[in-house]
Amino acid sequence: MPAKGKHRRPKSQRLSRSIAVAGTGGAALALPLMGATGAHAAPSTSAPEKAVQSVPAAEKTVTEKAATAKTEGVKTYSVKAGDWLAKIAEDQDVTGGWKKIYQDNREAIGADPSLIHPGLKLSLGEKATTSTTSTTKSSGSSTGSSSSSSSSSSSKKSTATQSADTTSTSSGYTLPVTGGTIGTGYHVAGSMWSSGYHTGVDFVVPTGTTVKAVAAGTVVSAAYDGAYGNEVVIRHADGEYSQYAHMSQLSVSAGQTVTEGQQIGLSGATGNVTGPHLHFEIRTTPYYGSDVDPVAYLRSHGVTVG
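Residues numbered from 1 in each chain as written. Predicted model: local features only at pLDDT ≥ 70, side-chain atom pairs only at ≥ 80, totals over all residues. Heavy atoms only, no water.

Caption draft 1: Up close: the overall build of the protein chain. Each helix and strand counted, the protein chain has 8 helices and 13 strands in total. Here the protein chain displays about 17100 Å² of accessible surface, and carbon together with sulfur accounts for 56% of that area. (Helix = DSSP H or I, 4+ residues; strand = E, 2+ residues; numbered from the N terminus. Areas by Shrake-Rupley, 256 points an atom, 1.4 Å probe, with all protein chains shown as cover.)

Rendered as structure tokens:
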């Protein structure tokens, strides 16, 4: 038993000396101990750092989701020769028609919706504003504020576009000839017409009078057409067609884009006529038999007729 005691005393003394050394060693042993304590404490300090670093990652995820939402349901269409906005809207089943396409692509198309060219890229479909707003709400007040700002900007742009479109429409139409009076009116009955009635109006003007496009559009045909003589048919942005017949000279060709008031030919007396005049029609298709009242059409666009 004493031996065990003696064995314990030296061991205890060594421990005491070690402790004493630790006490007298001061900085020498304290530094490693402090370092070890710091190493064990590091996880508790790194947790907030990871939390801070996760914020940009969350924002990035939200941004990516928002970008995906914006493009969802939207496709790109490449304009082909002979295309016009109303045709594209009908063929691609675009909700809102050609006006929706024009509104969404006004920067690419420009001020005149009828002046589109082959190869032009158009965005078709909804812009997923609702989905974007819904996604960004979950990211917190900061992202919500950004979404609100974006929505406000989009609303302002839409209002400006509609205003510009209205201005263009109200001033974008004119008479096909200057100084002409109407001879035979629309829907006048007569056996000389295959339909049993007059499908347009006749502006009585001398041969050589400048014939103008009543609005901007794309020339669908410009050629000799039997009883109509030299004829031009133009497709307009609203989906309607204007026809000009019996001309002595043609100044445009099929596929060409024209502006409101641009010369497309000279009046004359070609085809089945009794004298020089301009036969003018408005149609819902390029073809005979789809006529609507041309005078009412022009007046609806702010043009004074007769």
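Caption draft 2: Representation of unusual backbone geometry. With a phi close to 55°, D93 is a non-glycine residue in the positive phi region. The topology assignment puts D93 in the loop between α3 (85-91) and α4 (97-104). The exposure class of D93 is exposed, given its relative accessible area of 68%. Positive phi values are uncommon outside glycine, yet H246 reaches one of about 70°. Along the chain, H246 falls in strand β8 (residues 241-247). (Buried < 20%, exposed > 50% of the residue type's maximum accessible area, 1.4 Å probe, protein only.)

Caption draft 3: A look at the pattern of salt bridges. Going through the model one piece at a time under the given rule, you end up with 2 salt bridges. Residue D104 is joined to K100 by a salt bridge in which the shortest nitrogen-to-oxygen separation is 3.2 Å. Of this pair, D104 and K100 both sit in helix α4, 4 residues apart, which is roughly one turn of that helix. The two residues D104 and K100 agree in class, both being buried. With a closest N to O distance of 2.9 Å, E281 and R283 form a salt bridge. Residue R283 is classed as buried on the basis of its relative accessible area of 3%. (Salt bridge = Lys/Arg side-chain N within 4 Å of Asp/Glu carboxyl O.)

Caption draft 4: A look at the confidence of the model for the protein chain. Confidence in the prediction of the protein chain, expressed as mean pLDDT, is 72, and 58% of residues score 70 or more. Under a pLDDT of 50 for its full length, residues 15-48 has, in the predicted model, 5 contacts with residues more than four places off or in other chains. In the predicted structure, residues 128-169 sits below a pLDDT of 50 and forms 29 contacts with residues beyond four places in sequence or in another chain. (pLDDT = per-residue confidence, 0-100. Contact = heavy atoms within 4.5 Å.)

Caption draft 5: Local environment of the sheet that holds strand β5 (residues 210-212). Taking strand neighbours across the sheet as the criterion, the 3 strands line up as β5-β11-β9 in an open arrangement whose pairing is antiparallel. In the strand order of this sheet, the two ends are held by β5 and β9 (249-250), each with one partner. (Pairing = 2+ DSSP bridges.)

Caption draft 6: Structural detail: the packing of aromatic side chains. This structure, assessed with the given rule, holds 3 aromatic pairs. Judged by centre distance (5.4 Å) and plane angle (55°), the rings of Y244 and F280 are tilted. On the criterion of sequence distance, the pair formed by Y244 in strand β8 and F280 in strand β12 (residues 278-283) is long-range, its members being 36 residues apart. Across the pair, exposure class does not vary: Y244 and F280 are buried alike. A connected cluster of aromatic rings, assembled from ring pairs, spans F203, Y244 and F280. (Phe/Tyr/Trp six-rings, centres within 6.5 Å; stacked < 30°, edge-to-face > 60°.)

Caption draft 7: Structural context of the nonpolar core. Formed by 25 residues in total, the largest nonpolar core has its most connected members in V232, I234, Y244, I264 and F280. Once you skip the residues sitting within four places of it in the chain, I264 turns out to touch V211, K212, A213, V232, I234, Y244, Q249, L250, S251, V252 and V258. (Core = buried A, V, L, I, M, F, W, Y, C linked by side-chain atoms within 4.5 Å.)

Caption draft 8: Focus on the pairing of β8. In terms of burial, β8 is largely enclosed, as 7 of its 7 residues are buried. From the end of strand β7 (residues 230-236) to the start of β8, which pair antiparallel, there are 4 residues, and G239 there has a positive phi angle of about 95°. Inspection of the sheet shows β8 paired to β12 by 5 bridges, in the antiparallel sense. Opposite A245, over in β12, you have H279 as the bridge partner.

Caption draft 9: Representation of the environment of L124 in the model. Mapped onto the elements of the fold, L124 is located in strand β2 (residues 121-124). For L124, a relative accessible area of 2% corresponds to the buried category. Separated by 35 residues in sequence, L124 and A89 place their C-alpha atoms 8.5 Å apart.

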